[in-house]
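Summary of the model geometry
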Amino acid sequence: MPILNDYNKLSESYQQTAVKPDKQFSTLPTVLKIAGNFENKIILDLGCGSGFFSNEFARHGAKKAFGVDNSIEQINLAKKNPLENTEYILADIFKDKLPMADITVAPYVVNYATDINQLVKLFQNIYASLNKNGKLIIVVDLPEGKDLKKFGAIKNVLGEKVDGAKIEIQLFNNEEFICLLNAVYFTPSTLESTLRSIGFNDIVWHKPIISDEGTNKLGGEFWKGYIESPELGYLSAIKI
């Protein structure tokens, strides 16, 4: 499968995304809220990078948090500050066998499927690794052509918004450029129908939230309009 982004080269710069306002004060708390009660559960974090989501789940009561990434540099960064209940694995989430889990978190990686066939393979792989009644949480890029630079990103679909269209993502922190990423667009209806075709049930879209810390630190005015159109979709599905 073609590599859209070389995270072995991007690993150091990508670490800076952990403090982007959108990721720190909206995406993370939204994902944790969707997960619900995950105390003593096994979490699988796909495309874990340096462990941003894995570590948060581990700190907040998960029995174990597995982080999987196809970049050795990212895995090495994650292993620098390990928690007792985290484990980081070098693997390809599209084809390699994944650890069994109660909750699988897939932030942004759905947009790394190069076409529908790859999307199907990813969802099949995730389905196989989930325990009965396991939950999948997806964070997906859904660009609308807005300038969300102050929140952490500018995203553009190159051409028509159809399945397989290329997305160009510029990431920022405090309006300082971090890096450029390439991704692939899938419509919300395609994501839903593909999940359903694999066997997932209870497919639900969730509204994002802003943490109290984010509101207190940056102010309510800063976040005005973000919740209504964050250019990110939050989707959960259950394996019955």
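Above this text you will find the structure in question.
In this report, we go over the structure that sits alongside the text. On a predicted model such as this, the values are computed, not experimentally measured, just so you know.

Each value, and the rule that gives it
- Residues numbered from 1 in each chain as written.
- Predicted model: local features only at pLDDT ≥ 70, side-chain atom pairs only at ≥ 80, totals over all residues.
- Heavy atoms only, no water.
- Helix = DSSP H or I, 4+ residues; strand = E, 2+ residues; numbered from the N terminus.
- Rg over C-alpha atoms; globule rule 2.2 N^0.38 Å.
- Buried < 20%, exposed > 50% of the residue type's maximum accessible area, 1.4 Å probe, protein only.
- Contact = heavy atoms within 4.5 Å.
- Pairing = 2+ DSSP bridges.
- Axes fitted to C-alpha atoms, helices over the stretch in contact; angles between N-to-C directions.

**Observations concerning the overall build of the chain**
- Looking only at helices and strands, one finds 7 helices and 11 strands in the chain.
- Against the compact-globule benchmark of 18 Å for 240 residues, the chain has a radius of gyration of 17 Å, which places it among compact chains.
- In terms of principal-axis extent, the alpha carbons of the chain reach across some 40 × 40 × 35 Å.
- In the chain, buried positions account for 55% of the 240 residues.
- Contacts in the chain between residues far apart in sequence, at least 24 positions, make up 68% of those at least 6 positions apart.

**Observations concerning the sheet that holds strand β9 (residues 176-184)**
- The antiparallel open sheet is built from 4 strands, whose spatial order is β6-β7-β8-β9. Looking at strand neighbours, the two that pair on one side only are β6 (147-148) and β9, the edges of this open sheet.
- Examined bridge by bridge, strand β7 (residues 153-158) and strand β8 (residues 166-173) share 6 bridges and lie antiparallel to one another. Bridge assignment links Lys 155 to a residue of β8, and that residue is Ile 169.

**Observations regarding the sheet that holds strand β10 (residues 200-206)**
- What the 7 strands build is an open sheet, ordered β3-β2-β1-β4-β5-β11-β10; its pairing is mixed. In this open sheet, the two edge strands, each paired with only one partner strand, are β3 (86-90) and β10. Taking the axes of each pair of neighbouring strands and ignoring which way they run, one obtains an average angle of 20 degrees across the sheet.
- Where helix α4 (residues 72-80) meets the sheet, its contacts fall on β2 (64-69) and β3, and the angle it forms with β3 comes to roughly 165 degrees.

**Here we look at helix α3 (residues 52-59)**
- Where burial is concerned, most of α3 is hidden: 7 out of the 8 residues are buried.
- Where α3 is buried, its residues touch α2 (21-35), β1 (42-46), β2, β3 and β4 (101-107).
- One or two steps after α3, the chain reaches Gly 61, where phi turns positive at roughly 110 degrees.

**Description of the environment of Glu 228**
- Here Glu 228 shows up in the loop between α7 (212-218) and β11 (232-239).
- With 48 residues separating them along the chain, Glu 228 and Leu 180 place their C-alpha atoms 25 Å apart.

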